[in-house]
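Residue strings, one per chain:
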Amino acid sequence: MGSLMKNTPSGPVTIRVAQVEDAVALRALRLEALLDAPVAFAADYERTAAEPPERWVQRINEYAQGNQSVIYVAEAEGALIGMTGLGRGHWQKTEHGGVIWGVYVQPAWRGLHIAEALIEACIAWGRGLGMTVVKLGVVTHNAAAIRCYLRCGFTVYGIDPQAICYNGIMYDELLMARQVTQDH
């Protein structure tokens, strides 16, 4: 699982698997994401912030030791600017599929197709394990994210009503999937 260099108008960006050394920065990036777009994620800031940094070290180590989950990060100028995870189905009957989670790119780096590069890296990782389908959920009003996922080949297969409740407001999610072919 090597790294991929993506050239952007804002400078080069490296897409790579998260390492233990990234734990503190990855935690900070995740907390930033939860503050920046609280409706976009099922996780909440307060509970995530209460997790000690060591939990992120543990999480990255667990991911590195198995083939159930992976976190890819985007790095530019020595800092993490984006992240995306892919979790594989837990049971033998579901391990052919995965779920994309935690897609986030810092605002200054948006519009440069970094999210697509992160998603494609996750899908390539899943393809290497024989995954045949990858799914995700996105709140229905997040037009930019929906366009990103459509560009990545995802299609809508349903709606999850009231999937997110934030500040007493209910948000539906589009359920999207992408078939993963072994020759793509």
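Keep in mind that this is a model prediction, so the values were computed, not measured. (Residues numbered from 1 in each chain as written. Predicted model: local features only at pLDDT ≥ 70, side-chain atom pairs only at ≥ 80, totals over all residues. Heavy atoms only, no water.)

Student: What exactly am I supposed to notice about the packing of aromatic side chains here?
Tutor: Aromatic ring pairs: the centre-centre distance and the angle between the two ring planes describe each pair. Within the structure shown, the criterion is met by one aromatic pair. Between Tyr149 and Phe154 the ring centres are 6.2 Å apart and the planes differ by 65°, which places this aromatic pair in the edge-to-face class. Here the guanidinium or amino end of Arg59 rests over the ring plane of Trp56, the centre of that ring lying 4.3 Å away. (Phe/Tyr/Trp six-rings, centres within 6.5 Å; stacked < 30°, edge-to-face > 60°. Lys NZ or Arg CZ within 6 Å of the ring centre and 35° of its normal.)

Student: Which parts of the structure should I look at to understand the pairing of strand β3 (residues 69-76)?
Tutor: Along any regular strand, the residues point their side chains to alternate faces of the sheet. A large share of β3 lies buried, amounting to seven of its eight residues. Where strand β2 (residues 11-17) and β3 come together, four bridges link them in antiparallel fashion. Considered in β3, the bridge of Ile15 is made with Ala74. Note that β3 and strand β4 (residues 79-88) share eight bridges and pair antiparallel. Note on β4: the bridge partner recorded for Ala76 is Ala79. Connecting β3 to the next strand, β4, in antiparallel fashion are two residues, including Glu77 with a positive phi near 55°. (Buried < 20%, exposed > 50% of the residue type's maximum accessible area, 1.4 Å probe, protein only. Helix = DSSP H or I, 4+ residues; strand = E, 2+ residues; numbered from the N terminus. Pairing = 2+ DSSP bridges.)

Student: Help me out: how do you make sense of the layout of surface pockets in this one?
Tutor: To find leftover empty space, a probe the size of one water molecule is rolled over the atoms. For the largest pocket, the calculated volume is near 1,100 Å³. Looking at the lining of the largest pocket residue by residue, the classes come out as 27 nonpolar, six polar and twelve charged. The computed volume of the second largest pocket comes to approximately 160 Å³. Contributing to the lining of the second largest pocket are 13 residues, with Val17, Ala18, Ile60, Tyr63 and Ala64 lying nearest its centre. Taken together, the elements giving at least two residues each to the lining of the second largest pocket come down to α3 (53-65) and β3. Of the residues assigned to the lining of the second largest pocket, the class counts are ten nonpolar, three polar and no charged. (1 Å grid on protein atoms, 1.4 Å probe; cavity = no way out; pocket = protein on both sides within 12 Å on 5 of 7 lines; lining within 4 Å. Points joined across faces, edges and corners; volume = space filled by probe spheres on them. Nonpolar A, V, L, I, M, F, W, Y, C, P; charged D, E, K, R; others polar.)

Student: Explain unusual backbone geometry to me, please; I cannot follow it from the model alone.
Tutor: Generally, phi is negative for residues other than glycine and the peptide bonds are trans, each holding for most cases. Although it is not a glycine, Gln162 sits at a positive phi angle of roughly 50°. Relative to the helices and strands, Gln162 is located in strand β7 (residues 155-166). The phi torsion at Asn167 lies on the positive side, around 50°, for a residue other than glycine. Tracing the backbone shows Asn167 in the loop between β7 and β8 (169-179). Judged by its relative accessible area of 65%, Asn167 falls in the exposed class.

Student: Quick question: what am I supposed to make of helix α5 (residues 143-151) here?
Tutor: Three- or four-residue spacings in an α-helix give side chains the same orientation, since the helix completes a turn every 3.6 residues. When we look at burial in α5, the residues that qualify are Ala145, Ile146, Cys148 and Tyr149. Angular distribution of buried residues about the axis of α5 spans 160°; they occupy a single face of the element. Taken together, the buried residues of α5 touch β5 (97-105), α4 (114-128), β6 (133-139) and β8. Downstream of α5 by one or two residues, Gly153 has phi in the positive range, about 95°. (Arc of directions from axis to C-beta. Contact = heavy atoms within 4.5 Å.)

Student: I tried to follow the packing of α4 against α5 on my own but got confused; where do I start?
Tutor: Closest axis-to-axis distance for the α4/α5 pair is 10 Å, and the angle between their directions is 50°. Between α4 and α5, the angle is such that the two are oblique. Crossing of α4 over α5 shows right-handed handedness. Residues Ala115, Glu116 and Ile119 of α4 touch α5, and the partners they reach there are Cys148, Tyr149 and Arg151. Its residues assigned to classes, the contact of α4 with α5 shows four nonpolar, no polar and two charged. (Axes fitted to C-alpha atoms, helices over the stretch in contact; angles between N-to-C directions. Parallel < 35°, antiparallel > 145°, perpendicular 65-115°, else oblique. Left-handed = near helix turned anticlockwise from the far one by under 90°.)

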